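So you can see what is in the structure, the chains are spelled out below.
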Amino acid sequence: MQKNKWLKEIRLYIQPFFKDDPTGHDYQHMKRVAHWSRFIAEAEGADPFTAEAAGWLHDIGDKKLFNDPKQALLEMYRFLESLEMETETIKEIRLAVKDVSFTKGTVPTTLEGKIVQDADRLDAIGAVGMARTFAFGGAKGQLIYGEEATSIQHFYDKLLHLASGMHTNYARKEAEKRHQFMLNYLEQFYREWNIDNNEGTDMSNEQ
Ligand code: ADP
Ligand code: NI
């Protein structure tokens with residue numbers, strides 16, 4: 001089946017870019033986004049192949065991960081052309097990859113694009129999303145919690161805003177659960193972190 005062959009080629013293509021990534025943008029992130037993109041596409045009556053392909057490819061050309069994002073995207077287009085897909089299919093995949101990023105603040109124009117954005121955002125929240133955030137912070141030399149630019153701060157800058165912006169029904173429902181889980185986590189986090197408010201030795205004079 002041609003489409004399965006293309007998906008295999010796509011998996012092989014992205015592997016070297018992401019396999020050693022320590023910032024939460026590793027191959028397993030691409031795999032989860034591809035998986036949920038396909039799943040949501042099937043539920044929403046969108047094109048599962050385009051959604052899955054774009055899910056695998058969505059972080060190619062991300063400014064955080066690539067020194068030359070434009071070049072990375074150009075090479076990706078060349079790669080897709082080398083697979084000899086219909087021009088229309090390549091266009092659909094390119095469109096779905098284009099506007100996924102939260103940082104850019106754009107709403108994708110196609111249903112498949114919206115689906116990949118939902119799948120990417122689902123992977124940014126909940127237990128896995130939180131793990132990815134602490135991994136990113138660690139890899140960038142950022143503190144867990146404190147005065148400024150910490151991983152906990154990123155919850156307020158981004159993670160806690162994602163659930164309300166989901167486009168599809170499945171993602172909206174799943175995001176609500178993950179959102180509540182993050183709120184519970186934060187409550188527990190502060191309880192454990194703030195030792196000065198607890199019983200026991202008073203360490204408030206120490207650094
Ligand atoms: P997108 O790739 O959608 O533009 P981000 O640039 O915010 O979104 O990065 C994706 C993921 O990387 C986040 O969900 C988070 O896990 C991690 N991340 C990005 N910036 C930070 C940060 N300043 N602190 C901690 N984690 C971060
Ligand atoms: Ni991503």
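Refer to the structure above for everything that follows.
Numbers given for residues are sequential positions, taken from 1 along each chain in its written order. For naming, the first written chain is A and the first written ligand is 1, with later ones following in the order written. Side-chain atom pairs in this predicted model are given and counted only at pLDDT of 80 or more, local residue features only at pLDDT of at least 70, and totals for whole chains, interfaces and linings cover all residues. Excluded from the side-chain calculation are hydrogens and water; included are all heavy atoms of the structure.

Asks: Which residues make up helix H6 (residues 111–122), and what are the values?
Replies: Its 12 residues give H6 an end-to-end C-alpha distance of 16 Å, which sits within 8% of 16 Å, the value for a rise of 1.5 Å per residue. Relative accessibility thresholds used throughout: buried, under 20% of the residue-type maximum; exposed, over 50%; partly exposed, between the two (1.4 Å probe, protein chains only). Working definition: helices are DSSP H or I runs of at least four residues, strands are E runs of at least two. Numbering for both runs from the N terminus. Extensive coverage of H6 is indicated by the burial of 10 of its 12 residues. Among the residues making up H6, those that are buried are Glu112, Gly113, Ile115, Val116, Gln117, Asp118, Ala119, Asp120, Arg121 and Leu122. Pairs of residues are marked as contacts when any of their non-hydrogen atoms sit within 4.5 Å. Buried residues along H6 sit in contact with helix H2 (27–44), helix H3 (48–57), helix H5 (87–98), helix H8 (151–162) and helix H9 (169–193). In a helix, the anticipated span is given by 1.5 Å times the number of residues less one.

Asks: How would you sum up the coordination of the nickel ion (ligand 2)? Please name residues and give values.
Replies: With distances of 2.1 to 2.4 Å, the protein atoms coordinating the nickel ion (ligand 2) are His29 (NE2), His58 (NE2), Asp59 (OD) and Asp120 (OD). Coordination shells were defined by N, O and S atoms within 2.8 Å of each metal, extended to 3.2 Å for Na, K and Ca; water is absent from the atom set, which can make sites look incomplete. Sequence spacing of the donors to the nickel ion (ligand 2): H-x28-H-D-x60-D. In terms of burial, His58 and Asp59 fall into one category: buried.

Asks: Would you mind going over the pattern of salt bridges in detail, with residue names and values included?
Replies: Salt bridge, as used here, is a side-chain nitrogen of Lys or Arg placed within 4 Å of a carboxyl oxygen of Asp or Glu. Under the criterion given, the structure shown has 9 salt bridges. With a closest N to O distance of 3.2 Å, Asp20 and Lys19 form a salt bridge. Lys19 sits in the partly exposed class, given a relative accessible area of 48%. Where Asp62 meets Lys64, a salt bridge forms, and the shortest distance between an N and an O atom there is 3.0 Å. Overall, Lys64 belongs to the partly exposed group, its relative accessible area being 40%. Linked by salt bridges that have partners in common, Arg32, Asp123 and Arg132 make up one network.

Asks: Go over the environment of Val97 with me, naming the residues and quoting the values.
Replies: By the element assignment, Val97 lies in helix H5. With relative accessibility at 7%, the residue Val97 sits in the buried group. Along the backbone, Val97 and Leu57 are 40 residues apart, and their C-alpha atoms lie at a distance of 6.8 Å.

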